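Inside the fold
Listed here are the chains, written in short residue letters.
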Amino acid sequence: MLVLLPPSESKTPRSRGNAYAAASLSFPALESAREKVLDAVAAVSQSDDAATVLGVSPNLVEEIARNTRLRTAPAVPVSALYTGVLYDALDLPSMDAAALRRANRWLVVQSALFGALHPKDKVPPYRLSMAVNLPGIGPLAGFWKPLLAEPMAAAAARGLIVDCRSSTYAAAWTPTGPQADAWVQVKVPGATHMAKHTRGLVARAICDLGLDPRRPEGLATGLAERFDVDLAEPARAGKPWVLSATAR
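What counts and what doesn't
- Residues numbered from 1 in each chain as written.
- Predicted model: local features only at pLDDT ≥ 70, side-chain atom pairs only at ≥ 80, totals over all residues.
- Heavy atoms only, no water.
- Helix = DSSP H or I, 4+ residues; strand = E, 2+ residues; numbered from the N terminus.
- Rg over C-alpha atoms; globule rule 2.2 N^0.38 Å.
- Buried < 20%, exposed > 50% of the residue type's maximum accessible area, 1.4 Å probe, protein only.
- Contact = heavy atoms within 4.5 Å.
- Axes fitted to C-alpha atoms, helices over the stretch in contact; angles between N-to-C directions.
- Parallel < 35°, antiparallel > 145°, perpendicular 65-115°, else oblique.
- Nonpolar A, V, L, I, M, F, W, Y, C, P; charged D, E, K, R; others polar.
- Core = buried A, V, L, I, M, F, W, Y, C linked by side-chain atoms within 4.5 Å.
- Lys, Arg positive; Asp, Glu negative; His and termini not counted.
- Salt bridge = Lys/Arg side-chain N within 4 Å of Asp/Glu carboxyl O.
- Polar contact = N/O pair within 3.5 Å; in protein donor to acceptor, adjacent residues only side chain to side chain.
- Expected span 1.5 Å × (residues − 1).
- Pairing = 2+ DSSP bridges.

1. Points about the overall build of the protein
Across its full length, the protein carries ten helices and eleven strands. The C-alpha radius of gyration of the protein comes to 18 Å, within 12% of the 18 Å expected for a compact globule of 248 residues. Its C-alpha atoms give the protein principal-axis dimensions of roughly 50 × 35 × 35 Å. When the 248 residues of the protein are sorted by exposure, 49% land in the buried category.

Here it is in structure tokens:
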């Protein structure tokens, strides 16, 4: 089972603690690419046009400044770093021990700065979107896509790939070949806020209930315990199954 999540724009900083250790992160094959992106982000964040390049409000002075201290700032576990609607619904701190073990194995956050992260990884707060065209790197989704292909495919193995990402982050890795047959995209009718909330609840339910079916139909059956679900087959080869979910 692999559950793909987007990051959040808002992140929780810490005032003390150790800086992140590059060699300790999941997906070690990405280490050199991460270092290149960190260098590029730090450089652009010191420039006069940092806000424009990063696509953020010029008022976010402190968040932009954090990007210049990524190697020295206290690192935060991914499980506590990201905040907002999806992560409030996921609510990792309230999971029991068994559900949290599953979450640590199954959940992967697609990060513009680090490529891919598990909840136990510790990284500094940063401000960077996958939509950014980063000087010296280029469009980040295009930069990460070939680099993520092998480690993400290995993480998914023969299990289902449950995709709760937004389209911006989904562009960084697309399952191919036989894994595309196990790719399930979670769609939620209604406003963006509700979509984020429900995707968080879906990821939570998968971990709580220990859902690890081999087929999309089994996932839909398992989630029906908490949601009204509808499962649509792929429109064509290489496209995902689409699971529409509404929380009860």
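Back to the text.
2. A word on the environment of Pro-216
Among the secondary structure elements, Pro-216 is positioned in helix 10 (residues 216-223). Here the alpha-carbon distance between Pro-216 and Asp-181, two residues 35 residues apart in the chain, equals 8.9 Å. Leave out the neighbours within four places in its chain, and Pro-216 touches Leu-160, Asp-181, Val-184, Leu-231 and Trp-241.

3. Re the packing of helix 9 (residues 192-209) against helix 10
Packed helices, taken two at a time, are described by the angle their axes make and the gap between the axes. One way to put it is that helix 9 packs onto helix 10 with a least axis distance of 10 Å and a crossing angle of 90 degrees. It follows from the interaxial angle that helix 9 and helix 10 lie roughly perpendicular. Each of Val-202, Ala-205, Ile-206 and Leu-209 in helix 9 lies in contact with helix 10, whose residues at this interface are Leu-219, Gly-222 and Leu-223. Residues of the contact of helix 9 with helix 10, tallied by class, amount to six nonpolar, one polar and no charged.

4. Some remarks on unusual backbone geometry
One non-glycine residue with positive phi stands out, namely Asp-91, at about 50 degrees. Its place among the elements puts Asp-91 in the loop between helix 5 (85-90) and helix 6 (97-106). Positioned with a positive phi, Ala-157 is a non-glycine residue whose angle comes to about 50 degrees. The topology assignment puts Ala-157 in the loop between helix 7 (140-156) and strand 8 (161-163).

5. With respect to the nonpolar core
If you look at the biggest cluster of nonpolar residues, it comprises 82 residues, and the most contacted ones within it are Leu-5, Val-37, Leu-128, Leu-134, Leu-140, Trp-144 and Ile-206. At seven residues, helix 7 tops the list of elements feeding residues into this core.

6. So, the side chain of Asp-121
Looking at the element boundaries, Asp-121 is found in the loop between strand 4 (115-117) and strand 5 (122-123). There is no salt bridge for the buried Asp-121, and the closest opposite charge comes from Arg-34, which lies 5.6 Å off by N-O distance. Only 2.9 Å separates the side chain of Asp-121 from the backbone nitrogen of Ser-26, close enough to count as a polar contact. In this structure Asp-121 touches Ser-24, Leu-25, Ser-26, Val-76, Pro-77 and Val-78, once residues within four positions along its chain are discounted.

7. Re the pattern of salt bridges
Counting across every chain of the model gives ten salt bridges. Arg-71 serves as the salt-bridge partner of Glu-35, at 2.6 Å between the closest nitrogen and oxygen. Linking Glu-35 in helix 1 (residues 31-45) with Arg-71 in the loop between helix 3 (61-66) and strand 2 (76-77), this pair joins segments that are 36 residues apart in sequence. By relative accessible area, which is 22% here, Glu-35 ends up partly exposed. A salt bridge links Arg-226 to Asp-208; the nearest nitrogen and oxygen atoms lie 3.2 Å apart. Of this pair, Arg-226 sits in the loop between helix 10 and strand 10 (227-232) while Asp-208 is found in helix 9, placing the two residues 18 residues apart along the sequence. Taken together, the shared-partner salt bridges in this structure form one network comprising Glu-9, Glu-63 and Arg-127.

8. Focus on helix 1
Taking 1.5 Å of rise per residue, 15 residues should cover 21 Å, and helix 1 covers 21 Å from first to last C-alpha, within 8% of that figure. Burial in helix 1 covers these residues: Ala-33, Arg-34, Val-37, Leu-38, Ala-40, Val-41, Ala-42, Val-44 and Ser-45. Against the buried residues of helix 1 lie helix 2 (50-54), helix 3, strand 4, strand 6 (133-134) and helix 7.

9. Structural notes on the sheet that holds strand 9 (residues 183-187)
Strand order in this open sheet of seven strands is 4-3-1-8-9-11-10, and the pairing throughout is mixed. On the outer flanks of this sheet lie strand 4 and strand 10, each paired with one strand and no other. Strand-to-strand twist of the sheet, defined as the mean angle between neighbouring strand axes without regard to direction, takes the value 25 degrees. In the sheet, strand 8 pairs with strand 9 via three bridges, with the strands oriented parallel. By the bridge assignment for strand 9, Val-162 is matched with Val-184.

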